[in-house]
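Chains, contacts and geometry: an overview
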Amino acid sequence: MDFSDLYKQGNSNLVSFSPDGKYLAVVVEHRLIIRNSDSPKTIHRVFSCTYDTAPFIQDVGWSTDSLFIFTASYELNRVDVWCLGDESWRCSIVDEVCCIEKAVWAAHGRHVLTFSELDLRLSIWSIEDEERRYIQYPKSRVALAFHPEGDYVAVAQRHDYHDFIGIYNTQSWAMVREIAVDTVDLTGIEWSPDGLHLVAWDLAGNFCAVVVNVGGVVKRVYTEDSVCLGVRSCVWAPGGQLLAVGGYDERIRMLNHLTWRPVSTLVHRAQGIPATVDVFNEVEIGTSLAQESRTPVDQSTRVRSRFVLAAAPSGIRVAVAVDVHRAERRLGVSVLAFSAEGAFLASVCESMPNAVWIWKVDEMRLLAVVQTLRAVRACRWSPVERTLAVATGSSSVYLWKWEDGVFIHDCPSATATVAGLVWNPNGDTLAVLSKGMFMLGFLGE
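Notes on the structure follow. (Residues numbered from 1 in each chain as written. Predicted model: local features only at pLDDT ≥ 70, side-chain atom pairs only at ≥ 80, totals over all residues. Heavy atoms only, no water.)

Inspection of the entire model under this criterion finds 12 aromatic pairs. Look at Trp236 and Trp260: their rings are 5.8 Å apart centre to centre, the planes differ by 90°, and that puts the pair in the edge-to-face class. Of the two residues, Trp236 is situated in strand 23 (residues 231–236) and Trp260 in the loop between strand 25 (251–256) and strand 26 (262–267); the sequence distance between them amounts to 24 residues. Judged by relative accessible area, Trp260 falls into the buried class, the value being 2%. Ring centres 6.2 Å apart and planes at 10° place the aromatic pair Trp357 and Trp359 in the stacked group. For the pair Trp357 and Trp359, one class covers both residues: buried. Grouping aromatic residues by their ring pairs yields a cluster made of Phe344, Trp381, Trp400 and Trp402. Over the face of the ring belonging to Phe407 we find Lys401, whose NZ or CZ atom lies 5.9 Å from the ring centre. (Phe/Tyr/Trp six-rings, centres within 6.5 Å; stacked < 30°, edge-to-face > 60°. Helix = DSSP H or I, 4+ residues; strand = E, 2+ residues; numbered from the N terminus. Buried < 20%, exposed > 50% of the residue type's maximum accessible area, 1.4 Å probe, protein only. Lys NZ or Arg CZ within 6 Å of the ring centre and 35° of its normal.)

This is the structure in structure tokens:
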């Protein structure tokens, strides 16, 4: 991987590629800088906001056609929309009644949706005719999902002391269907990639995942009575034939699309990893594996390291004690991500934060474990290849590739602390985010 020069960015890590992959949006205080993604030295546009006090710009978002981009200052209750093709065009959104807590684009890129404080309402703002619509009783700003084709949006709502999923047409914004779901406190919803089903999951104290079809028929209410805590994360396989449900009990249930019952349960085990699994251990250069397991890492210095294959049987070096009676942050399967074509599933378990688990989906088995010296901060699949990028807060980027193993790519700056990764949608560029700066990594053939 070849790295670009270092460029300044705000400490909020607001760096994002346009959906078409041509541009890179970077926030520096009150300025939004649009750079060319293939040549970041070339600046396409600079938009200067009137947010003259910290925290300045708190959020940015691209429209799906890459023609518009918004900046948001939730402290100032304001969202501004900018046009890349017309520097003089600008649209400002200010809610006079409620404070804005979150803004997102509609799927067709001509409406901006804003969530008000206390989830009082969801406002739909048109950037073409200044028309405004509302959806009442939104459950949560995270419990919203657009249909893969963009024609519908599912909104979690609560009224009359029950949870519902409202399906709305994104052209007229009229409700098409309201689906009652048997949850205590609905936490999240997600469309399947084929657009035929929705999954909704409950709060941390109740293990419940509800699958409904587009007709509003409940296909399955999946519960686990023997589990003390609930669902931590849910993700669909790219084809929509599998649903991975990660729990606070450190297990992943793989549900099939025919019966919506588990075809396999993947377990994160700290010890007793099979000999058929490749366990890659990161060790400091010049330090044996036995010495490394007893030596703490100095977070202030650059560590030269390499990966070695652990001898079988092997286990996880670093583990955090789990209290099953508390739904604390460091508990459960916090990261679930399928590769672009769905052949692999990557997971991170909070009680073992130094390990990335890679599962082979067609065989429902553990394929590899990547153990790093520091806790995993980011884990992202390439959108086009079988390549997994991992960041741990060190000055290196780790790439796991199918049939090739793990590679370490040192950033040009030894003071960089890589805490975030953003893939270009075309898959040939990776934005590497550090505190106050970023760089681009260019992948070779």
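Across all of its chains, the model carries 19 salt bridges by this definition. Of the charged contacts in the structure, one is a salt bridge between Arg110 and Asp65, with a shortest N-O distance of 2.7 Å. Here the residue Arg110 occupies a position in the loop between strand 11 (100–105) and strand 12 (111–116), and Asp65 occupies one in the loop between strand 7 (59–62) and strand 8 (68–73), the gap between them amounting to 45 residues. For Asp163, the salt bridge is made with Arg158, and the minimal N-O distance between the two is 2.6 Å. The class for Asp163 is buried, based on a relative accessible area of 2%. A single salt-bridge network, built from bridges that share partners, covers Lys360, Asp362, Glu363 and Arg365. (Salt bridge = Lys/Arg side-chain N within 4 Å of Asp/Glu carboxyl O.)

The next thing to look at is the nonpolar core. If you look at the biggest cluster of nonpolar residues, it comprises 24 residues, and the most contacted ones within it are Ile252, Leu345, Trp357 and Val369. Of all the elements in the fold, those that place two or more residues in this core are strand 24 (242–247), strand 25, strand 29 (333–338), strand 30 (344–349), strand 31 (355–360) and strand 32 (365–371). If sequence neighbours within four positions are ignored, Leu345 has contacts with Ala244, Ile252, Met254, Leu266, Leu336, Ala337, Phe338, Trp357, Ile358, Trp359, Val361 and Trp381. Within the second largest apolar cluster, 19 residues are counted, among which are Val348, Val376, Trp381 and Tyr398. (Core = buried A, V, L, I, M, F, W, Y, C linked by side-chain atoms within 4.5 Å. Contact = heavy atoms within 4.5 Å.)

Turning next to the environment of Thr265. Structurally, Thr265 can be placed in strand 26. Given the relative accessible area of 39%, Thr265 is considered partly exposed. Considering only alpha carbons, one finds Thr265 and Leu255, 10 residues apart in sequence, at a separation of 9.1 Å. With residues near it in sequence (within four places) discarded, Thr265 still touches Arg251, Ile252 and Arg253.

Once that is clear, we can look at the side chain of Gln9. Tracing the backbone through its elements, the reader meets Gln9 in the loop between strand 2 (7–8) and strand 3 (15–17). Given the relative accessible area of 2%, Gln9 is considered buried. Looking at Gln9, its side chain comes within polar contact range of the main-chain oxygen of Ser434, at 2.8 Å. If we skip the residues at most four places from it in the chain, Gln9 touches Leu14, Val15, Val26, Val27, Val28, Leu433, Ser434, Gly436, Met437 and Phe438. (Polar contact = N/O pair within 3.5 Å; in protein donor to acceptor, adjacent residues only side chain to side chain.)

That's the geometry; what it means functionally is another story.
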